[in-house]
Amino acid sequence: MKYKKRQFYIENVSAEKIAKKFGTPSYVYSYDKIKNNINNFKKKFKTINPLICFSVKSNSNLNILSIIHKFGLGADVVSKGELLAALKAKIKPEKIVFSGVGKTIEELKFAISKKILLINTESENEIIEIEKIAKKNKKKINIGIRLNPDTDAKTLKKISTGKKENKFGLTEKKFLEVLKKYKNSKYINIICLSVHIGSQITSHIPYKNMLNVVNKIIQKSKFKFKYIDLGGGMGIQYENKFKKLNYSKYNKLIESFLIKNNSNIIFEPGRSIVGNAGYLISKIIYIKKTNSKNFVILDTAMNDLIRPALYGAKHRILPSKINETKVSKNHEFVGPICETTDKFLNVTRYQKINQKDIIVICDVGAYGMVLSSNYNLRPRPAEILVNNNSTKIITKRQKLNNII
Ligand SMILES: *Cc1c(COP(=O)(O)O)cnc(C)c1O
């Protein structure tokens, strides 16, 4: 796929070269991939002309956010930190939405002072706090209300957000109650209904169910929302056998939804924009052979990439150089951390590999570096941006001096 003369390439730079130049482990991103993902996303939803707000929590690197801004996207933020990062990347406040179940008063005040497009509220108490701030400032604040549509996203349980047992949004009954109570408020301007049912969704059916619920509730409320924020969640192909989300079907569903409800659509994609644009390059420290398997011990670990340990996610691990020798034995790729869950992948057959070889963990551009930690007092990896044949450090490798 990305091999040239048996060497793994990210754009026009080989993984070997990056490892040599910047050390391992390193997160590496392809500029072109991000650009293409954005353009493809726009193309797929061209007919509904949505406002696309990149979910900053999936990757909050400033350089990545600048690319996001360059290609015209806004931002969906979930903390003051992310809001500051989005603004620093020059994303316009009128293209920023603020989500999250637990925004503090300080965060609300800050968001209001920056005049962002809207705050997606998730509880009545949050609306009460916003009303207080608005009153004090003699302003009317734009908000959205997040609906919990009680829809099964049919994804990993731990990244499902749209069921009634999840903490997110308001149930239908409460939503209608709150809407009625605040729709004529002097200080609150309800302009948006928002939903987000989960992440890594690979079928349009959960979205269809979600749209049905949203449609029903709008009919019931007889309220005109300027915006309908459908969240993100579009899945990517972590493995070749993975199902692909049918964007054209999702787009058609929204088109018919818009015939009944004349609103503007907002999307909050994260993973689908940056997920497959990131790679984690690592070096094999040891290969420990037992009767049943070979443990391939890497210099990267769950502190750098926690998705396998946290969600049971599977990321392909590819050799940086291909050879023809196959070894038919279970290979278990693990990190050096003192936790049994510090394990990336089991592969039943792999090419012959050796100590000091470089491998590439794929599709780590979303929820990779942002979820890294210093567990075991390990410094966080460097982040490198590749554009054609040039490379640039966009986050320096952490120094032990700075974390001890
Ligand atoms: C996490 C999140 C997103 C982004 O989800 P992806 O699966 O990365 O597209 C969008 N909206 C909200 C409210 C979120 O919490």
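Throughout what follows, the structure given in this document is the object of discussion. These numbers come from a predicted model, not from an experiment.

Brief notes about unusual backbone geometry
The linkage connecting Thr24 with the following residue, Pro25, adopts the cis geometry, with an omega of -5°. Take Pro25: it is sitting in the loop between helix H1 (15-22) and strand E4 (26-30). Although it is not a glycine, Tyr367 sits at a positive phi angle of roughly 55°. Within the fold, Tyr367 resides in the loop between strand E20 (358-362) and strand E21 (382-387). For Asn388, which is not glycine, the phi torsion reads 60° and is therefore positive. When you line up the elements, Asn388 lands in the loop between E21 and strand E22 (390-395).

Some thoughts on the sheet that holds strand E7 (residues 96-98)
An order of E5-E6-E7-E8-E9-E10-E11-E12 is seen for the 8 strands of this closed barrel, with the pairing classed as parallel. Adjacent strand axes in the sheet meet at a mean angle of 30° when their direction is disregarded. As judged from the 3 bridges shared by strand E6 (residues 74-77) and E7, these two strands associate in the parallel manner. Counterpart to Val77 in the pairing with E7 is Phe98. Lying on the sheet, helix H6 (residues 124-137) is in contact with strand E8 (118-121), strand E9 (141-146) and strand E10 (188-194); it crosses E8 at an angle near 150°.

Side note on the pairing of strand E14 (residues 293-298)
Burial runs high along E14: 5 of the 6 residues are buried. Relative to E14, strand E13 (residues 278-289) is paired through 5 bridges, and the arrangement is antiparallel. Residue pairing for E14: Ile284 is matched across the bridge by Leu298. The turn linking E13 back onto E14 is made up of 3 residues. As paired elements, E14 and strand E17 (residues 330-334) share 5 bridges and run parallel to each other. Residue pairing for E17: Lys293 is matched across the bridge by Asn330.

Quick word on the site of the ligand
Taken together, 14 residues lie near the ligand, and Lys57, Ser199, Gly233, Glu268 and Tyr367 sit nearest. At a separation of 2.8 Å, an oxygen atom of the ligand approaches a polar backbone atom of Gly233. With respect to the ligand, the side chain of Tyr367 contributes an N or O atom lying 2.6 Å from an oxygen atom. Starting from 390 Å² of accessible surface for the ligand in isolation, the protein chains cover 93%.

So, the side chain of Arg271
Along the polypeptide, Arg271 turns up in helix H10 (residues 271-274). Buried charge without a partner: Arg271 forms no salt bridge, and the closest opposite charge is Asp363, 9.6 Å away. Sequence-distant contacts of Arg271, that is, excluding residues within four places in its chain, are made with Ser58, Ile159, Ser199, Gln200, Met234, Ile236, Tyr238, Asn276, Arg307, Ala366 and Tyr367.

Focus on the packing of aromatic side chains
Per the counting criterion, the structure on display carries 16 aromatic pairs. A centroid spacing of 5.7 Å and a plane angle of 90° characterise the contact between Phe41 and Phe267, whose relative ring orientation is edge-to-face. Placement of the pair is Phe41 in helix H2 (residues 31-44) and Phe267 in strand E12 (residues 264-267), with a sequence separation of 226 residues. Like Phe267, Phe41 is buried. Put simply, the rings of Phe41, Phe45, Tyr207, Tyr247, Tyr250 and Phe267 pair up and form one aromatic cluster. Its end group placed over the ring of Tyr9, Lys4 keeps NZ or CZ at 4.4 Å from the ring centre. Above the ring of Phe110, the side-chain terminus of Lys80 is found at 4.8 Å from the ring centroid.

Observations concerning the nonpolar core
Membership of the largest hydrophobic core comes to 96 residues, with the highest contact counts inside it found for Leu193, Leu230, Tyr250, Ile254 and Phe267. When residues in this core are grouped by element, the largest group, 7 residues, is from helix H8 (residues 204-221). Per-domain counts for this core show at least three residues from each of domain 1 (2-29 + 275-403) and domain 2 (31-273). Not counting the four nearest positions on each side in its chain, Leu193 is found in contact with Ile145, Leu147, Phe175, Val214, Ile217, Ile218, Phe225, Tyr227, Ile228 and Asp229. Core analysis: the next-biggest nonpolar cluster, separate from the first, contains 17 residues, Ile10, Val13, Phe22 and Val360 among them.

Reading the values: rules and limits
- Residues numbered from 1 in each chain as written.
- Predicted model: local features only at pLDDT ≥ 70, side-chain atom pairs only at ≥ 80, totals over all residues.
- Heavy atoms only, no water.
- Helix = DSSP H or I, 4+ residues; strand = E, 2+ residues; numbered from the N terminus.
- Pairing = 2+ DSSP bridges.
- Axes fitted to C-alpha atoms, helices over the stretch in contact; angles between N-to-C directions.
- Contact = heavy atoms within 4.5 Å.
- Buried < 20%, exposed > 50% of the residue type's maximum accessible area, 1.4 Å probe, protein only.
- Near = heavy atom within 4 Å.
- Polar contact = N/O pair within 3.5 Å; in protein donor to acceptor, adjacent residues only side chain to side chain.
- Areas by Shrake-Rupley, 256 points an atom, 1.4 Å probe, with all protein chains shown as cover.
- Lys, Arg positive; Asp, Glu negative; His and termini not counted.
- Salt bridge = Lys/Arg side-chain N within 4 Å of Asp/Glu carboxyl O.
- Phe/Tyr/Trp six-rings, centres within 6.5 Å; stacked < 30°, edge-to-face > 60°.
- Lys NZ or Arg CZ within 6 Å of the ring centre and 35° of its normal.
- Core = buried A, V, L, I, M, F, W, Y, C linked by side-chain atoms within 4.5 Å.
- Domains from an automatic or database assignment.

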